Amino acid sequence: MSLDLATCSDSELAALTLGGRQNAFAEIMARHEAPLFRLIRGHVGDADTALDLTQDSFIAAYRALAQYDQVRPLRSWLARIAINKCRDRARRRAVRGLLSFARPLDAAINETVADSAPNAEQQLGDARELDRLWAAIATLPGNLKEPLLLRTVEELSQRETAQVLAISEKAVETRVHRARKQLEKIMHAG
């Protein structure tokens, strides 16, 4: 008799995966891929990079599944992993940015830098406006971006968001408010 994985809870799927059922982890991925992708895309602002980081997050989750506390929501645990992957990427980019100044001046002069500011054509249409919003969210500092994404995009409760970020519920409320204010300024300036 085969088990219908679609009817299993996340905790049961995690236990089945640890027991050697690879298709149970495939079900976890199917359930959580879209929300994780949205969270990461909001963090980095680029769909291609978000896809790579989503895959990296699932790989890390699979490797660390034995450490998952099955009493807690799997979604929050996966969100924490995804946020850490985004932070790691940002740190690596910052280091690379500092190191790029150490290259010879001739190499730096010949390098082209992409202009990330949206042009008038990009501002037309709902899809382009949404891309602009994702880009604006990506510019927010992490301490504002993360609570905003978890609360508004992933629709986690204030308590769940506080648990994922290891901050108080009041801090979540304050940071989401500040993030919205900054986004408003960014969107009006653009």
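Everything below is about the structure printed above this text.
Conventions adopted
- Residues numbered from 1 in each chain as written.
- Predicted model: local features only at pLDDT ≥ 70, side-chain atom pairs only at ≥ 80, totals over all residues.
- Heavy atoms only, no water.
- Salt bridge = Lys/Arg side-chain N within 4 Å of Asp/Glu carboxyl O.
- Helix = DSSP H or I, 4+ residues; strand = E, 2+ residues; numbered from the N terminus.
- Buried < 20%, exposed > 50% of the residue type's maximum accessible area, 1.4 Å probe, protein only.
- Core = buried A, V, L, I, M, F, W, Y, C linked by side-chain atoms within 4.5 Å.
- Contact = heavy atoms within 4.5 Å.
- Axes fitted to C-alpha atoms, helices over the stretch in contact; angles between N-to-C directions.
- Parallel < 35°, antiparallel > 145°, perpendicular 65-115°, else oblique.
- Phe/Tyr/Trp six-rings, centres within 6.5 Å; stacked < 30°, edge-to-face > 60°.
- Polar contact = N/O pair within 3.5 Å; in protein donor to acceptor, adjacent residues only side chain to side chain.

J.: Which residues make up the pattern of salt bridges, and what are the values?
T.: Inspection of every chain in the model, using the stated rule, returns eight salt bridges. Close ionic contact of Arg38 with Glu154 constitutes a salt bridge, the shortest N to O distance being 3.7 Å. With a gap of 116 residues between them, Arg38 in helix 2 (residues 22-44) and Glu154 in the loop between helix 7 (142-153) and helix 8 (158-165) connect regions that are remote in the sequence. The class for Arg38 is partly exposed, based on a relative accessible area of 33%. For Glu154, a relative accessible area of 3% translates into the label buried.

J.: Go over the nonpolar core, please, and point to the residues and values.
T.: Formed by 43 residues in total, the largest nonpolar core has its most connected members in Leu39, Ile40, Trp77, Leu78, Leu148, Leu150 and Val164. Take this core: its biggest share by element is eight residues, from helix 4 (residues 74-100). Apart from the residues within four sequence positions on either side, Leu150 is in contact with Leu39, Ala79, Ile83, Glu155, Leu156, Thr161, Val164 and Leu165.

J.: I'd like a rundown of unusual backbone geometry, residues and numbers included.
T.: One non-glycine residue, Glu155, adopts positive backbone phi at about 55 degrees. Among the secondary structure elements, Glu155 is positioned in the loop between helix 7 and helix 8. One non-glycine residue with positive phi stands out, namely Ala166, at about 55 degrees. Topologically, Ala166 is positioned in the loop between helix 8 and helix 9 (169-189).

J.: Describe the packing of helix 7 against helix 9, naming the residues involved and giving the relevant values.
T.: Packing of helix 7 against helix 9 leaves a shortest axis separation of 8 Å and a crossing angle of 100 degrees. Put simply, helix 7 runs roughly perpendicular to helix 9. For the pair formed by helix 7 and helix 9, the contact residues are Asn143, Leu144, Pro147, Leu148, Arg151 and Thr152 on the first element and Val172, Arg175, Val176, Arg178, Ala179, Arg180, Gln182 and Leu183 on the second.

J.: Pulling in residues and values, what's your account of the packing of aromatic side chains?
T.: One pass over the structure, following the stated rule, counts three aromatic pairs. Centre to centre, the rings of Phe25 and Phe58 are 6.3 Å apart; their planes meet at 85 degrees, and the pair counts as edge-to-face. Pair noted here: Phe25 is in helix 2 and Phe58 is in helix 3 (residues 47-63), with a separation of 33 residues, a long-range link. When its relative accessible area of 7% is taken as the criterion, Phe25 is described as buried.

J.: Quick rundown of the side chain of Asp10? Include the residues and the values.
T.: On the secondary structure map, Asp10 appears in helix 1 (residues 10-18). The class for Asp10 is buried, based on a relative accessible area of 18%. A distance of 2.9 Å separates the side chain of Asp10 from the side chain of Arg31, its partner in a polar contact. A polar atom in the side chain of Asp10 sits 3.0 Å from the side chain of His32. Setting aside anything within four residues of it in sequence, one finds Asp10 in contact with Arg31, His32 and Leu74.

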